[in-house]
Amino acid sequence: MSDRDALLHRTAEIAAEFIDGLPARPVGRPVDLTALRAALDVPLPDGPSDPQAVIEALARGADPGVIATAGPRYFGFVIGGGVPAALAADWLASAWDQNAALYAVSPAASVVEEVAARWLVELFGLPQGSSVGFVTGATMATFTALAAGRHRVLERAGWNIEEDGYVGAPPIEVVVGDEAHVTVFVSLQMLGLGRNRVHKVASDGQGRMMPASLREVLAGIDGPTLVSAQSGNVNTGGFDPLEEIVPIVRERPNAWLHVDGAFGLWAAANPATRPLMSGIEMLDSWAVDGHKWLNVPHDSGYVFCAHPVAHAAAMAHSAAYLTGQGQGGLRSPGDFVMESSRRARGFATWAALRELGRSGVADLVERCCALARRFAHQLGSIDGVMVVNDVVLNQVLVSFGDDRRTDLVVEQVQRSGECWMGATTWHGQRLMRISVSNSSTTEADVDRSVTAIRNAHHAVTTPS
Ligand SMILES: *Cc1c(COP(=O)(O)O)cnc(C)c1O
């Protein structure tokens, strides 16, 4: 075995040990920052080191600071996990070291993206022929989609934003729900549309955009308009009612309708939850993450656009796509994303979809939703504990009486190492937020976590 073979085998062994150990590993544990730094912060080496010694030092030094987010009892944020074939394909992407910028530099990366793109469009039931960009995550997906929308609405107003910039351009109105994710505003800030000059639509008790409020907001503005809706509120899991929103937006002569479905869009791939996304096929663009609910490794997100020419006009480096001079109808992957050289992240997506299949994806979504309901049912039956949202998807919001008590329970649960969930503020109230999005989570994991929460609640409410 060559030294390099030995290194790769040893690295695979370290990775496998880590993954095998995930269910038993304390989920969140106090990290000693000083010790973490001390283990990793050596002076810049003057000369070369043995690669295997480097990896051993990295694995040993980083381990105390590695959170078990990939494990079955991490319920913070919406973090996902890794289905086996996706993880392995991601390793291959590194070994092959393909550059997914152009067909010419990696025909394999290009074709795999093309196939995975078609599978995704089919799975979500989006319009055939929608363009797809493989991006780093939902933030870049929404950025890309809104850039495409910006192109399209300004083009209709007689302006080429890519060629001529904003100076002198007709103003664009931006409409978002008042529960829009913070990353939508990040996209607007990067697009030069501003975080503050948006029009906000009121939402209901579950964080869903209210159609009557949307109608009212739109009645007060005119000109080129971008509307961004949401499927899957990060707190409640609630869905904006697309079926009602679409006709309201379509009454306008020049509006683009986008949806941020970072995790919620996966509801469309599961027959039981698909009704939550009814109307999905009538939008102009969609953003969704692979690294969240599909359980492919970070970083992986997808942007879909019903108007490929607008999509490419906003992103492509050259006009080849637009003038039809691409290589014989060949999809050039770089035409739909901002980057030039980039990781071939399509391999992991292709592998995950091939491993799971249609029914496997539906089952992954359905199982997580069922486990969220299990959490809600068990926690809701504890005295003094209340589930405050309609558990329509994978998110559960829990109150332990008052803000202080809720924060104390969350802290105590996090310290226990049994499981990890974060706290959030929802409609002025501090709440524990539980997100079930890892394919390896079982009913036993939920039950064990409920016990940890019950114990923490007991400790906090029992005077010592
Ligand atoms: C996570 C999330 C995002 C951002 O996704 P990234 O993958 O972190 O870029 C956007 N919107 C919603 C609703 C999310 O949950």
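The paragraphs below set out a description of the structure included in this document. (Residues numbered from 1 in each chain as written. Predicted model: local features only at pLDDT ≥ 70, side-chain atom pairs only at ≥ 80, totals over all residues. Heavy atoms only, no water.)

Using the criterion set out here, one finds 8 aromatic pairs in the structure. Centroid distance Phe-77 to Trp-420: 6.1 Å. Interplanar angle 15 degrees. Geometry classified as stacked. In this pair, Phe-77 is assigned in the loop between α3 (51-62) and α4 (84-96) and Trp-420 in the loop between α13 (403-416) and β10 (422-426), connecting sequence segments 343 residues apart. On the basis of relative accessible area, Phe-77 is assigned to the partly exposed category, the value being 47%. In textbook terms, an aromatic cluster arises when at least three aromatic residues are bridged by ring pairs, as seen for Tyr-74, Phe-77 and Trp-420. (Phe/Tyr/Trp six-rings, centres within 6.5 Å; stacked < 30°, edge-to-face > 60°. Helix = DSSP H or I, 4+ residues; strand = E, 2+ residues; numbered from the N terminus. Buried < 20%, exposed > 50% of the residue type's maximum accessible area, 1.4 Å probe, protein only.)

Relative to the assigned elements, Gly-220 resides in the loop between α9 (211-219) and β4 (225-230). Taking relative accessible area as the criterion, Gly-220 reaches 63% and is therefore assigned exposed. Sequence spacing of Gly-220 and Ile-248 is 28 residues, and the spatial spacing of their C-alpha atoms is 13 Å.

Judged by how many residues are buried, strand β9 (residues 395-399) sits mostly within the fold: 5 of 5 residues are covered. A two-sided burial pattern is seen for β9, the buried positions comprising Gln-395, Leu-397 and Ser-399 on one face and Val-396 and Val-398 on the other. Relative to β9, strand β8 (residues 386-387) is paired through 2 bridges, and the arrangement is antiparallel. Opposite Met-386, over in β9, you have Ser-399 as the bridge partner. The pairing of β9 with strand β11 (residues 429-435) spans 4 bridges and is classified as antiparallel. From the neighbouring strand, Gln-395 faces β11, where its bridge partner is Ser-435. (Pairing = 2+ DSSP bridges.)

Pairs may arise between side chains of opposite charge once their charged atoms sit close together. Scanning all chains against the criterion turns up 19 salt bridges. For Arg-10, the salt bridge goes to Glu-56, with nearest N and O atoms at 2.6 Å. Of the two residues, Arg-10 is situated in helix α1 (residues 3-21) and Glu-56 in helix α3; the sequence distance between them amounts to 46 residues. The closest approach of N and O atoms between Asp-299 and Arg-345, which form a salt bridge, is 3.4 Å. (Salt bridge = Lys/Arg side-chain N within 4 Å of Asp/Glu carboxyl O.)

Here we come to a negative patch on the surface. A contiguous patch of negative charge, built from Glu-155, Glu-162, Glu-163 and Asp-164, is present on the exposed surface. By residue number, the principal contributor to the negative patch is helix α7 (residues 161-164), which donates 3 residues. The topology assignment puts Glu-155 in helix α6 (residues 138-156). (Patch = residues over 30% accessible without salt bridge, like charges linked within 9 Å, V, L, I, M, F, W, Y side chains within 5 Å. Areas by Shrake-Rupley, 256 points an atom, 1.4 Å probe, with all protein chains shown as cover. Lys, Arg positive; Asp, Glu negative; His and termini not counted. Charge placed at Lys NZ, Arg CZ, Asp CG, Glu CD.)

With that settled, consider the environment of Arg-374. Looking at the secondary structure, you find Arg-374 in helix α12 (residues 346-380). The spacing of Arg-374 and Glu-443 is 69 residues in sequence and 8.0 Å in space, taken between C-alpha atoms. In this structure, Arg-374 is in contact with Glu-443, Val-446 and Asp-447, ignoring residues within four places of it in sequence. A polar contact of 2.9 Å, which involves the side chain of Arg-374, links it to the side chain of Asp-447. (Contact = heavy atoms within 4.5 Å. Polar contact = N/O pair within 3.5 Å; in protein donor to acceptor, adjacent residues only side chain to side chain.)

Here the focus is the side chain of Thr-441. Secondary-structure assignment places Thr-441 in the loop between β11 and α14 (443-461). On the basis of relative accessible area, Thr-441 is assigned to the buried category, the value being 4%. At 2.8 Å, the side chain of Thr-441 forms a polar contact with the backbone oxygen of Pro-72. What Thr-441 contacts, discounting residues up to four positions off in sequence, is Pro-72, Phe-75, Arg-367, Leu-371, Val-436 and Val-446.

Let us now look at the site of the ligand. Among the 13 residues in the neighbourhood of the ligand, the closest are listed as Thr-139, Asp-260, Asp-289, His-291 and Lys-292. Ala-138 is positioned with one of its backbone polar atoms (N or O) 3.2 Å from an oxygen atom of the ligand. Thr-139 places a side-chain nitrogen or oxygen 2.6 Å from an oxygen atom of the ligand. (Near = heavy atom within 4 Å.)

Moving on, we come to α4. For α4, spanning 13 residues, the distance from its first C-alpha to its last is 18 Å, which sits close to the expected 18 Å at 1.5 Å a residue. Restricting attention to buried positions, one finds in α4 the residues Ala-86, Ala-89, Asp-90 and Ala-93. On an axial view of α4, the arc spanned by its buried residues comes to 105 degrees, and they lie on one face. Among the exposed residues of α4, those pointing more than 90 degrees away from its buried face are Pro-84 and Ala-95. Those residues of α4 that are buried are in contact with α12. Just past α4, the residue Asp-97 takes up positive phi, approximately 50 degrees. (Expected span 1.5 Å × (residues − 1). Arc of directions from axis to C-beta.)

Moving on: the pairing of β4. The element β4 is largely enclosed, with a buried count of 6 among its 6 residues. Where burial is concerned, the two faces of β4 agree: the one with Thr-225, Val-227 and Ala-229 and the one with Leu-226, Ser-228 and Gln-230 are both buried. Summarising the sheet, strand β2 (residues 173-177) and β4 pair through 4 bridges and their orientation is parallel. For Val-176, the partnering residue across the bridge sits in β4 and is Ser-228. Across 6 bridges, the pairing between β4 and strand β5 (residues 255-260) is parallel. For Thr-225, the partnering residue across the bridge sits in β5 and is Ala-255. On the question of chirality, the crossover connecting β4 to the parallel β5 by way of helix α10 (residues 242-250) is right-handed. (Right-handed = clockwise from strand over helix to strand, strands pointing away.)

Function cannot be read off these values alone, since they describe shape.
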